[in-house]
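Coordinates in review
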Amino acid sequence: MKDNNCIFCKIANGDIPSRTIYENEKFRVILDNGPATDGHALVLPKEHFANLFEIPQDWAAEAMETAKTVAEMLRDKLGADGLNVVQNNGEAAGQTVNHFHMHIIPRYKGDGQTILWKPGHPSDAELDEVCRRILD
Ligand code: 5GP
Ligand code: ZN
């Protein structure tokens, strides 16, 4: 299903032009227009799924296969030294477009980007408690 009000549905299906760097039956991969680095790309499914919670398992698996293909392409063509895969879900996690997408971000030594988090320092007991809550 497509969502008529969704910009990524329109881009993924070619109704709005984009800088497409890879395409297969289920996905279009485009350059992000606000890139963190040269080659920052977005993997977009051609069907509308809001986020990781809504995308079916088989589509999620194919999204990662597509990401791997594009990651190798960006490494080889742009000479990336490393690469981040980022995938935001929900406003609390920084998602701004509610159509599932994966960010493929080539990294270059000294590129000045910081796609990192501030590490916490929980005690063993606190880690054990979180583990218990998840496994209960
Ligand atoms: P999010 O914050 O939802 O994970 O990421 C949305 C991303 O989509 C942002 O990096 C933003 O730059 C990119 N973006 C938003 N609208 C457009 C668009 O119309 N075209 C392209 N190429 N990228 C977009
Ligand atoms: Zn959509």
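Refer to the structure presented above.
Rules used throughout
- Residues numbered from 1 in each chain as written.
- Chains lettered and ligands numbered in written order.
- Predicted model: local features only at pLDDT ≥ 70, side-chain atom pairs only at ≥ 80, totals over all residues.
- Heavy atoms only, no water.
- Phe/Tyr/Trp six-rings, centres within 6.5 Å; stacked < 30°, edge-to-face > 60°.
- Helix = DSSP H or I, 4+ residues; strand = E, 2+ residues; numbered from the N terminus.
- Buried < 20%, exposed > 50% of the residue type's maximum accessible area, 1.4 Å probe, protein only.
- Lys NZ or Arg CZ within 6 Å of the ring centre and 35° of its normal.
- Salt bridge = Lys/Arg side-chain N within 4 Å of Asp/Glu carboxyl O.
- Near = heavy atom within 4 Å.
- Polar contact = N/O pair within 3.5 Å; in protein donor to acceptor, adjacent residues only side chain to side chain.
- Areas by Shrake-Rupley, 256 points an atom, 1.4 Å probe, with all protein chains shown as cover.
- 1 Å grid on protein atoms, 1.4 Å probe; cavity = no way out; pocket = protein on both sides within 12 Å on 5 of 7 lines; lining within 4 Å.
- Sits in = over half its atoms within 2 Å of the grid points.
- Core = buried A, V, L, I, M, F, W, Y, C linked by side-chain atoms within 4.5 Å.
- Contact = heavy atoms within 4.5 Å.
- Donors = N, O, S within 2.8 Å, 3.2 Å for Na, K, Ca; no water.

For the structure on display, the rule yields two aromatic pairs. An angle of 65 degrees between the planes, with centres 5.6 Å apart, marks the rings of Phe-27 and Trp-59 as edge-to-face. In this pair, Phe-27 sits in strand β2 (residues 27–31) while Trp-59 sits in helix α2 (residues 57–78), placing the two residues 32 residues apart along the sequence. Neither Phe-27 nor Trp-59 differs from the other in exposure class; each is buried. Measuring from ring centre to ring centre gives 5.1 Å for Phe-49 and Trp-59, while their planes differ by 65 degrees; the resulting arrangement is edge-to-face. Of this pair, Phe-49 sits in the loop between β3 (41–45) and α2 while Trp-59 is found in helix α2, placing the two residues ten residues apart along the sequence. Assigned by exposure class, Phe-49 and Trp-59 land together as buried. Here the aromatic residues Phe-27, Phe-49 and Trp-59 are joined through ring pairs into a cluster of three or more. Here Lys-26 stacks its cationic end above the ring of Trp-59, 5.5 Å away from the centre of that ring.

Counted under the stated rule, the structure contains nine salt bridges. Residue Glu-23 pairs with Lys-46 through a salt bridge whose shortest N-O separation is 2.8 Å. One end of the pair, Glu-23, is in strand β1 (residues 20–23); the other, Lys-46, is in the loop between β3 and α2, and 23 residues separate them in sequence. Here Arg-132 makes a salt bridge to Asp-136, at a shortest N to O gap of 2.4 Å.

On to the site of ligand 1, then. Near ligand 1 lie 16 residues; those nearest to it are Leu-31, Asp-32, Thr-96, His-101 and His-103. Take Asn-33: an N or O atom from its side chain is 3.2 Å from a nitrogen atom of ligand 1. Within the backbone of Gly-94, an N or O atom sits 3.0 Å from an oxygen atom of ligand 1. Look at ligand 1: alone it shows 520 Å² of surface, and the protein chains cover 79% of it. Taken atom by atom, the bulk of ligand 1 overlaps the largest pocket. Among the elements that take part in the shell around ligand 1, helix α1 (residues 7–12) stands out by supplying three residues, more than any other.

It is worth spelling out the nonpolar core at this point. Among the nonpolar cores identified, the biggest contains 15 residues, and Val-43, Phe-100, Met-102 and Ile-104 are the most heavily contacted of them. When contributions to this core are tallied by element, the ones reaching two or more residues are β2, β3, α2 and β5 (102–107). Sort the elements by how many residues they give to this core and α2 lands first, with six residues. With sequence-adjacent residues up to four places away left out, Phe-100 is seen in contact with Val-43, Leu-44, Pro-45, Phe-49, Ala-50, Asn-51, Leu-52, Ile-55, Ala-63 and Gln-87. Of all hydrophobic cores here, the second largest spans eight residues; its members include Phe-8, Ala-12, Leu-42 and Leu-44.

Moving on to the coordination of the zinc ion (ligand 2). For the zinc ion (ligand 2), the full set of protein donor atoms is Cys-6 (SG), Cys-9 (SG), His-48 (ND1) and His-99 (ND1), at a range of 2.0 to 2.3 Å. Within one chain, the residues serving as donors to the zinc ion (ligand 2) are arranged as C-x2-C-x38-H-x50-H. With Cys-6 in the segment before α1 and His-99 in the loop between β4 (82–86) and β5, this pair connects stretches of sequence that are 93 residues apart. Take Cys-6 and His-99: they sit in the same class, and that class is buried.

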